[in-house]
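Examination of the molecular architecture
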Amino acid sequence: MNAFTLRRRTRTLVATVAAVAALSLTACQDDELVGGGDAGQEESGSSAGQDSTTGGATGGTTGGGSDQVGDGDGTEDGEDLVEGGGQGEDGEAGDELAVIPCADQNTQVTVSPVERPINHLLLTVTNTGDERCEAFSYPLLGFENSQSTLPFVEDSVPQAVVSLEPGDSAYAGVITSAADSAEGYTSTSLSLTFMDINGNPVGELVDLPLPGGEVFVGDAAAVTYWQTEMDAALMW
């Protein structure tokens, strides 16, 4: 083997060793990169998991807490509303229950003759009870031999319902006939029934004696609404 051949082989061997060494170094670096990537992914995944868990727990608890607080506040407000509504309803119900119509059991009614105007009678109702009563509308009057109750005078409707404290009185005028009335009948008795807030008869029928024992009832006969003043009841 000559010197040229030896140097050539030596260079080839050195080049081969260098190439092998370079490949080994590259493989090691690739392994480290791959391992580092997995570790980064694991750390990233772990951090993401922790963030997700923390965020989920925090969000869930806070949201639920807010809902619970809201429900609690709503319940308290609801209780207040119920109490307020209950008081209001009770108050209204109490007011309705406190409205007592004047009727036969808590009043006394009398019939009186009057000089003016002619052909008139005066009804007086007095509260004999212990509580205020309301004289609603007008008295339902029926004369003997009449086919129906007397009609009411429309112009006599008062501005408000007449309220009677114990001992107070209200009045209604009865037109028995017109001054020039020729047709009619003679009656010897008069019956009266009170009305409630809905315009329905309330209490028992009250039989009233007529002044002089009898009265002529013409086709113009009518009755006024209950009034607080005697003069107001005799205006028509």
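A brief look at the structure comes next.

**Describing the pattern of salt bridges**
- Inspection of every chain in the model, using the stated rule, returns one salt bridge.
- The partner of Glu-134 in a salt bridge is Arg-132, with the nearest N and O atoms 3.0 Å apart.
- By relative accessible area, which is 7% here, Glu-134 ends up buried.

**Brief notes about the side chain of Ser-187**
- Relative to the helices and strands, Ser-187 is located in strand S7 (residues 184-187).
- Among the polar contacts made by the side chain of Ser-187, one reaches the main-chain amide nitrogen of Glu-144 at a distance of 2.9 Å.
- Engagement of the side chain of Ser-187 in a polar contact is seen with the backbone oxygen of Ser-189, the distance being 2.9 Å.
- Apart from the residues lying within four places of it in its own chain, the contact partners of Ser-187 are Phe-143, Glu-144, Leu-210, Gly-213, Glu-214, Val-215 and Val-217.

**A closer look at the sheet that holds strand S8 (residues 190-195)**
- Taken in spatial order, the three strands make up an open sheet running S4-S8-S9, and their pairing is antiparallel. The sheet terminates laterally at strand S4 (140-143) and strand S9 (201-208), the two strands that pair on one side only. Neighbour-to-neighbour, the strand axes of this sheet turn through a mean angle of 20 degrees, independent of strand direction.

**Comments concerning the nonpolar core**
- Core analysis: the largest hydrophobic core is formed by 33 residues, its most contacted members being Leu-123 and Trp-226.
- A total of four residues in this core trace back to one element, the largest contributor, which is S8.

Parameters at a glance
- Residues numbered from 1 in each chain as written.
- Predicted model: local features only at pLDDT ≥ 70, side-chain atom pairs only at ≥ 80, totals over all residues.
- Heavy atoms only, no water.
- Salt bridge = Lys/Arg side-chain N within 4 Å of Asp/Glu carboxyl O.
- Buried < 20%, exposed > 50% of the residue type's maximum accessible area, 1.4 Å probe, protein only.
- Helix = DSSP H or I, 4+ residues; strand = E, 2+ residues; numbered from the N terminus.
- Polar contact = N/O pair within 3.5 Å; in protein donor to acceptor, adjacent residues only side chain to side chain.
- Contact = heavy atoms within 4.5 Å.
- Pairing = 2+ DSSP bridges.
- Axes fitted to C-alpha atoms, helices over the stretch in contact; angles between N-to-C directions.
- Core = buried A, V, L, I, M, F, W, Y, C linked by side-chain atoms within 4.5 Å.

Treat this as a map of the structure, not an account of what it does.
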